[in-house]
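# Structural overview
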Amino acid sequence: MKNIVKSRHAFEKAKAVIAGGVNSPVRAFKSVGGTPVFIQSGKGAKILDIDGNTYIDYVASWGPLILGNANPDVICAVSKTMEKGLSFGAATEQETELAEMIISFMPSIELVRLVSSGTEATMSAIRLARAYTKRDMIVKFDGAYHGHSDSFLIAAGSGAATCGVPDSPGVTVSTASNTLLANFNDIDSVNNLFASHKDRIAAVIMEPVMGNMGVILPQKGFLESVRQITETNGALLIFDEVMSGFRVASGGVQKIYGIKPDLTTLGKIIGGGLAVGAFGGRKDIMQMIAPDGPVYQAGTLSGNPLAVAAGLATLKIIKEDCDFYDRLEEKTSRLAKGLCDLCKEKNVPAVVNRIGSMLTLFFTSKVTVNNAHDARSVDKKFYAGYFHQMLKRGIYLPPSPFEAFFVSSVHTEDHINQTINAASEAISAIKS
Ligand code: KE4
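Right, let's walk through the structure included here. Model, not experiment: these values are computed from the prediction.

Parameters at a glance
- Residues numbered from 1 in each chain as written.
- Predicted model: local features only at pLDDT ≥ 70, side-chain atom pairs only at ≥ 80, totals over all residues.
- Heavy atoms only, no water.
- Helix = DSSP H or I, 4+ residues; strand = E, 2+ residues; numbered from the N terminus.
- Buried < 20%, exposed > 50% of the residue type's maximum accessible area, 1.4 Å probe, protein only.
- Near = heavy atom within 4 Å.
- Polar contact = N/O pair within 3.5 Å; in protein donor to acceptor, adjacent residues only side chain to side chain.
- Areas by Shrake-Rupley, 256 points an atom, 1.4 Å probe, with all protein chains shown as cover.
- Nonpolar A, V, L, I, M, F, W, Y, C, P; charged D, E, K, R; others polar.
- Pairing = 2+ DSSP bridges.
- Axes fitted to C-alpha atoms, helices over the stretch in contact; angles between N-to-C directions.
- Parallel < 35°, antiparallel > 145°, perpendicular 65-115°, else oblique.
- Left-handed = near helix turned anticlockwise from the far one by under 90°.
- Contact = heavy atoms within 4.5 Å.

Its place among the elements puts histidine 197 in helix H6 (residues 187-197). Accessibility expressed as a relative area gives 9% for histidine 197, which makes it buried.

The following block contains the structure:
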C-alpha cells in the first residue's frame, strides 16, 4: 500500500474549508472509495503526490494534457506571456491567433467565441440555438455530460413523459421540462422526440463520441441520421467536442465521421491545461452573439492571455507534428489490446471502447457497450478494487468507472507495458 498519510491529512484540512474537500466532485474518489491523493507536481507522463508517490498519469487533468504534464514549450509560452501581464480585460492579438488556429482545424467553425470552461461553452451554445431557432427545447442523450448548467442536469422523465426531470436539487421543473432525453445509438428515440415536439426543438446537443459514461462510439450511420433529422426539422446540431476536440483527431470527431454540425463546443486541449473553452460554428448563427447580435454572452477572463498562450502553444505543437495522431493511435491501440487480452486470459468479463487516445475498460458481462444503459451494467465494486490496486502500483486512473482515460504524446512504450503488467497483477490480486 502506498503511504498516503499527507494526502489523508490534506483532505481533512481541505474538507474544513472547501465543500467536500475538492473543487470538482469526481476528485473526491467517492465512486471508488478511499482518500483522494493530493498532487504536488507533474512532468511528462507522470505525476507526484504530496507523499512522494509517483504515478503514470492517465487522467491528464480530464483530457487537456495531450502533451503530458508541464510540457516545456507550453510552460515557456506561458512564462513569457505572464511577464507582460496576466489579464487586461481587453482584446489581444493572441486571441485572434487562437481563433484562427481552431478554425483552421475545424472548417465547420466560421466564427468562434472563447470562454473559460466547457460549461460556459455549452451553456452559451444552447442559448444561441434557442435564439436562432426561436424554439425552447433541447435534446440531449442519456448519460452525456455537457457541464453543470441547469439545462443539462436532467434525468429521463418517467415512461411516457418525454420531458426530462431535474437531476440535481436546485434545477427547476420548468427548466427540466425544456430538456428532452434520447438514447445514444437509438435513432428511433430521437425520431420519437421530434414527432412529439417537432417545432419546439431548438437543437440536439451531443457528445458525438461519448466520454462521460466511459467511451461509447456512435454506431454506423447514427451521427448521419441525427444530422439528417435535425436538418429536416429545422433544429440545430451541436457537437460537444470539449473532450473529443483535438483528442481523437486534429479536427475532432466531426473530421473522422465527416459530419458538419451547426455549432461545436470545445475546451480542455485548446487551453493546454489552463482555462479555455470555446463555442463556434456557422457565421449566420454566431453573428447573433453580442456585441454584434442580441444574444448576450460575456466573461471577465474569456480569452485570458495566459490560457490563450497555453492553448496556442499546444495546438502549434500538434499542427507541426504530422504523425502526432498516428503515434497516439498506435500506442493507445496497443494499450487497449493489452488490457482486452489480459481480461480474456483471466476470465474477467470486460469491454474496451477506444477512439484515438481516449479509452475505457468496462468491467461488464455485456458483449458491447453502445449506450448509457449498457455502461451502467459495469461491476462498480470490481472497478473500485481495480482502481486502488492500480494506484498502489503507480498507475493513476480516473476514480470512476464512467470516465475516459487518456494517453498523451509522452507516454512511452515502457509506460504502456508497465500499465498492462500492473493491470495483470491488479486483476490477479482482486481475484485471489
Ligand atoms: P468544464 O466546465 O468542466 O470545463 O467542461 C464541461 C464539459 C463539457 N462537455 C464535455 C464533453 C465534458 O467532458 C465536460 C467536462 N468533463 C469532465 C470529465 N468527464 C470534467 C471533469 C470534472 O468535472 O471535474
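With that settled, the discussion passes to the site of the ligand. Among the 16 residues in the neighbourhood of the ligand, the closest are listed as Ser24, Thr119, Asn212, Asp240 and Glu403. Residue glycine 118 places a main-chain N or O atom 2.9 Å away from an oxygen atom belonging to the ligand. The contact in question runs from a nitrogen atom of the ligand to an N or O atom on the side chain of lysine 268, over 3.0 Å. Contact with the protein chains removes 85% of the 540 Å² of surface that the ligand exposes when unbound. Looking at the shell around the ligand residue by residue, the class counts come to five nonpolar, seven polar and four charged.

A word on the sheet that holds strand E14 (residues 358-362). Spatially, the three strands line up as an open sheet ordered E13-E14-E16, and their pairing is antiparallel. Looking along the sheet, the strands with just one partner apiece sit at the ends: strand E13 (351-355) and strand E16 (405-406). The pairing of E14 with E16 spans two bridges and is antiparallel. Within E16, the residue paired with leucine 359 across the bridge is phenylalanine 405.

Bringing the packing of helix H13 (residues 380-391) against helix H14 (residues 413-431) into the picture now. The geometry of a pair of packed helices is captured by two quantities: the angle between their axes and the separation between those axes. Viewed as axis vectors pointing N to C, H13 and H14 meet at an angle of 125°, and their least axial separation amounts to 9 Å. Classified by the angle between their axes, H13 and H14 sit oblique to one another. Considering the relative orientation of H13 and H14, their crossing is right-handed. In this structure, H13 contributes Phe382, Gly385, Tyr386, Gln389 and Met390 to the contact, and H14 contributes Thr419, Ala422, Ala423, Ala426, Ile427, Ala429 and Ile430. Here the residues of the contact of H13 with H14 are counted per class, giving nine nonpolar, three polar and no charged.

Another aspect to go through is the sheet that holds strand E11 (residues 263-266). Strand pairing in a sheet is mediated by backbone hydrogen bonds. Such pairs are either parallel or antiparallel. On the basis of which strands lie adjacent, the open sheet formed by seven strands has the order E4-E12-E11-E10-E9-E5-E8 and mixed pairing. One side of each edge strand has no neighbouring strand; the edge strands of this open sheet are strand E4 (111-115) and strand E8 (179-182). The sheet shows a mean angle of 20° between the axes of neighbouring strands, taken without regard to direction. Bridge analysis of E4 against strand E12 (residues 277-281) gives five bridges, and the strand direction is antiparallel. Looking at E12, one finds that valine 115 is bridged to glycine 277.

This part is about the environment of proline 294. Along the chain, the position of proline 294 falls in the loop between helix H9 (283-286) and helix H10 (305-319). The spacing of proline 294 and phenylalanine 382 is 88 residues in sequence and 51 Å in space, taken between C-alpha atoms.

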